[in-house]
Amino acid sequence: MSRMSQKRKHDEDENNQESISLQDVIEEDQEMEETADAVLGASDDQECTFTKGYLGRQALYACDTCSSIDDSPGGICLACSLECHNGHDLYELYTKRHFRCDCGNDKFPELKCKLIPDKDPNNPENIYSRNFNGLYCMCKRPYPDEEDDVEDEMIQCVVCEDWFHGRHLGEAAIPTNMGFSEMICFDCSKSYTFLHKYSALLVSPVKLEKCFEEGDVDVTDMKASPVKSDGAAAIACLPMKEENIKTDSGDVANGSGSTSNDSSFCKIEGAIPVKIIGATFWPAGWRAVLCKCNKCMDIYNDFKVLFLLDENDTVSSYEEEGRKKALANKYEKQENALKGMSRVHQVEMLHGYNDMKEGLTQYLRKFAEEGKVVTATDIQNFFSGLNNKRQKLDMSYNCR
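Once a new chain begins, its residue numbering starts again from 1 and follows that chain's sequence as written. This being a predicted model, a pLDDT of at least 70 is required before a residue's local features are given, and a value of 80 or more before pairs of side-chain atoms are given or counted; all residues contribute to the totals for chains, interfaces and linings. Note that the side-chain values use all heavy atoms of the structure and ignore hydrogens as well as water.

Turning to the packing of aromatic side chains, a few remarks are in order. Between the rings of Phe, Tyr and Trp (Trp by its six-membered ring), a pair exists once the centres lie within 6.5 Å; its type follows the angle of the planes, with under 30 degrees stacked, over 60 edge-to-face, and the other angles tilted. What the rule picks out here adds up to eleven aromatic pairs. Aromatic pair Phe180 and Phe281: ring centres 5.0 Å apart, planes at 75°, arrangement edge-to-face. Here Phe281 lies in strand S8 (residues 280-282) and Phe180 lies in the loop between strand S6 (163-165) and strand S7 (182-184), a separation of 101 residues in the sequence. One exposure class covers both Phe180 and Phe281, and it is buried. A positively charged side chain is recorded as over a ring if its NZ (Lys) or CZ (Arg) lies within 6 Å of the ring centre. The angle to the ring normal must also be within 35 degrees. Its end group placed over the ring of Phe307, Arg97 keeps NZ or CZ at 3.7 Å from the ring centre. Each helix corresponds to a stretch of at least 4 residues labelled H or I by DSSP, and each strand to a stretch of at least 2 residues labelled E; elements are numbered beginning at the N terminus. Exposure is judged per residue with a 1.4 Å probe applied to protein chains only, and the accessible area is read against the type maximum: over 50% gives exposed, under 20% gives buried, and values in between give partly exposed.

And the structure:
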């Protein structure tokens, strides 16, 4: 799922800023590294993505330095953000789908792309939202917002790809059990009414005003209702179980009665939509349940949401690819670094690392046993002592 870390509130006690636990530092560094690997790992930081056309998904930025209030916003790829817009004020847009890099085209009349100087004047299929102006959510505020003291987090809609505060999702709230994979904002949920028929897949509650004819199903307890097995409309009242979300054939189990090869059979024919009261939350694998009959395919085309049928379109899929690529790059760099050393230097480096690790562990154990907080000064003192020890060893070695 796509979520921004909750907004950091100002600490009233400035003294607290000088002392921080090592665990806090490690966790924050690890979180930042993992996020960077997930978001940037699958993107190219060396070559502009323009020649690759409209990519399925990539990390994007908008440049505030190169834009004025009257300019229409433009989006740039990771490589151009580093090479052509280095030192500029950039809006990090996380990832966007079906986008082609704008760097150096008519949206940046005063700038020529250093990586690909000759580009088309515009990219007509690009979609630009308020995010490109550094504004997010229905409240149209920046993030982070220094004027907002409410501790909140933001979550991205998988359809419009805007980011929303947890408190701006209509009558819905982010599920506390974390049992969802993707979110569709309130406006998009209201617009794409065909999704209202997949009520059994919703993680968060909605108002069920009517489902089938009276007597067919008890709408007061939808999860405990019996599964209909006599028609396609049964999908709207399937119990929310894993086996009802995805099967090997891509069909809904225990109730659709259809085969994946029957393009005329509609899984949701006759299903009564539920009333949407806010953003909707969807579990992993929900896209595979969407009907692919001819009629529904026409609907996806008309609404321009064919990407909903693509599992590779999900941010989680993109992030997983990024993590794998980042891990492979780290191993490659480590291997290349070792290859450039003699066997003696390799052994010395590994011994040095192990000595440092063991020494730091012993050093920090004292703080843990005494319940003390580790400060930045403490860490600096440790490495200062380590450097002094290394210098003495080097002197002893050179004097022989």
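Only when DSSP finds a minimum of two bridges between them are two strands counted as paired. In space, the three strands of this open sheet follow the order S3-S2-S4, with antiparallel pairing throughout. The sheet is open, and its two edges are formed by strand S3 (76-77) and strand S4 (90-99), each paired on a single side. As judged from the seven bridges shared by strand S2 (residues 55-63) and S4, these two strands associate in the antiparallel manner. Along S4, the bridge assignment pairs Leu55 with Phe99.

We now examine a nonpolar patch on the surface. Like charges are joined within 9 Å and nonpolar side chains (Val, Leu, Ile, Met, Phe, Trp, Tyr) within 5 Å, but only among residues with over 30% relative accessible area and no salt bridge; these make up the patches. Note on areas: these come from Shrake-Rupley sampling with a 1.4 Å probe, and a residue is covered only by the protein chains present in the view. By convention in these notes, a salt bridge is any Lys or Arg side-chain nitrogen within 4 Å of a carboxyl oxygen on Asp or Glu. Taken together, the side chains of Met341, Met349 and Leu350 make up a nonpolar region of the molecular surface, amounting to roughly 240 Å² of accessible area. Among the secondary structure elements, Met349 is positioned in helix H6 (residues 343-370).

Now for unusual backbone geometry. Geometrically, the link from Tyr143 to Pro144 is a cis peptide bond, its omega value of -5° lying close to zero. Along the chain, the position of Pro144 falls in the loop between S4 and strand S5 (154-156). Non-glycine residue His98 carries a positive phi angle of around 45°. The residue His98 is located in strand S4 in this model. With a phi close to 65°, Glu161 is a non-glycine residue in the positive phi region. Considering the arrangement of structural elements, one finds Glu161 in the loop between S5 and S6.

On the secondary structure map, Asp378 appears in helix H7 (residues 376-398). According to the relative accessible area criterion, Asp378 is buried, its value standing at 16%. The contact criterion used throughout is that any non-hydrogen atoms of two residues lie within 4.5 Å. With near-sequence residues (within four places) excluded, Asp378 lies in contact with Tyr363, Phe367 and Val373.

Before going further, it helps to examine the environment of Arg167. Inspection of the secondary structure assignment puts Arg167 in the loop between S6 and S7. Considered as a pair, Arg167 and Glu153 are 14 residues apart in the sequence and their alpha carbons are 8.7 Å apart. The contacts of Arg167, once residues within four sequence positions are left out, are Asp148, Val150 and Asp152.

This next bit is on the pattern of salt bridges. Scanning the model with the defined rule gives 15 salt bridges in all. Of the charged contacts in the structure, one is a salt bridge between Asp120 and Arg100, with a shortest N-O distance of 3.3 Å. Of this pair, Asp120 sits in the loop between S4 and S5 while Arg100 sits in the loop between S4 and S5, and the two are 20 residues apart along the sequence. Here Arg287 and Glu182 are joined by a salt bridge, their closest N and O atoms 2.8 Å apart. Of the two residues, Arg287 sits in the loop between S8 and helix H4 (294-303) while Glu182 sits in strand S7, which places them 105 residues apart along the sequence.

Note that a disulfide, as used here, is simply two cysteine sulfur atoms within 2.5 Å. Inspection of the entire model under this criterion finds zero disulfides. Not part of a disulfide, Cys188 finds its nearest cysteine sulfur in Cys185, a span of 3.5 Å. Take Cys188: its relative accessible area is 8%, and that puts it in the buried class.

What follows covers the confidence of the model for the chain. Of all residues in the chain, 66% attain a pLDDT of 70 or more, and the chain-wide mean is 75. A score between 0 and 100, pLDDT records how confident the predictor is in each residue. For the chain, helix H1 (residues 22-40) is the element with the lowest average pLDDT, namely 57, and S3 is the one with the highest, namely 96. Every residue in residues 5-18 is under pLDDT 50, and counting partners more than four places away or in other chains gives 20 contacts. Here residues 395-400 is a poorly scored stretch, pLDDT under 50, and it has zero contacts once near neighbours within four places are set aside; other chains count.

The subject of this paragraph is the side chain of Asn126. Looking at the secondary structure, you find Asn126 in the loop between S4 and S5. The term polar contact refers here to a pair of N or O atoms within 3.5 Å; inside protein, the definition further demands a hydrogen-donor-capable atom paired with an acceptor-capable atom, and it admits residues adjacent in sequence only when both atoms are side-chain atoms. Engagement of the side chain of Asn126 in a polar contact is seen with the side chain of Tyr128, the distance being 3.2 Å. Setting aside its immediate chain neighbours within four residues, Asn126 contacts Tyr54, His98, Phe99, Arg100 and Asp102.

This paragraph deals with the nonpolar core. What is meant by a nonpolar core is a set of buried Ala, Val, Leu, Ile, Met, Phe, Trp, Tyr and Cys residues, joined one to another through side-chain atoms within 4.5 Å. Counting residues in each nonpolar core, the largest one holds 49 residues, and the members touching the most others are Val159, Met183, Ile184, Leu195, Tyr198 and Phe281. Elements that contribute at least two residues to this core include exactly S2, S4, S5, S6, S7, S8 and H4. The leading source of residues in this core is S4, at three residues. Listed in part, the 16 residues of the second largest apolar core include Cys48, Ile76, Cys77 and Cys84.

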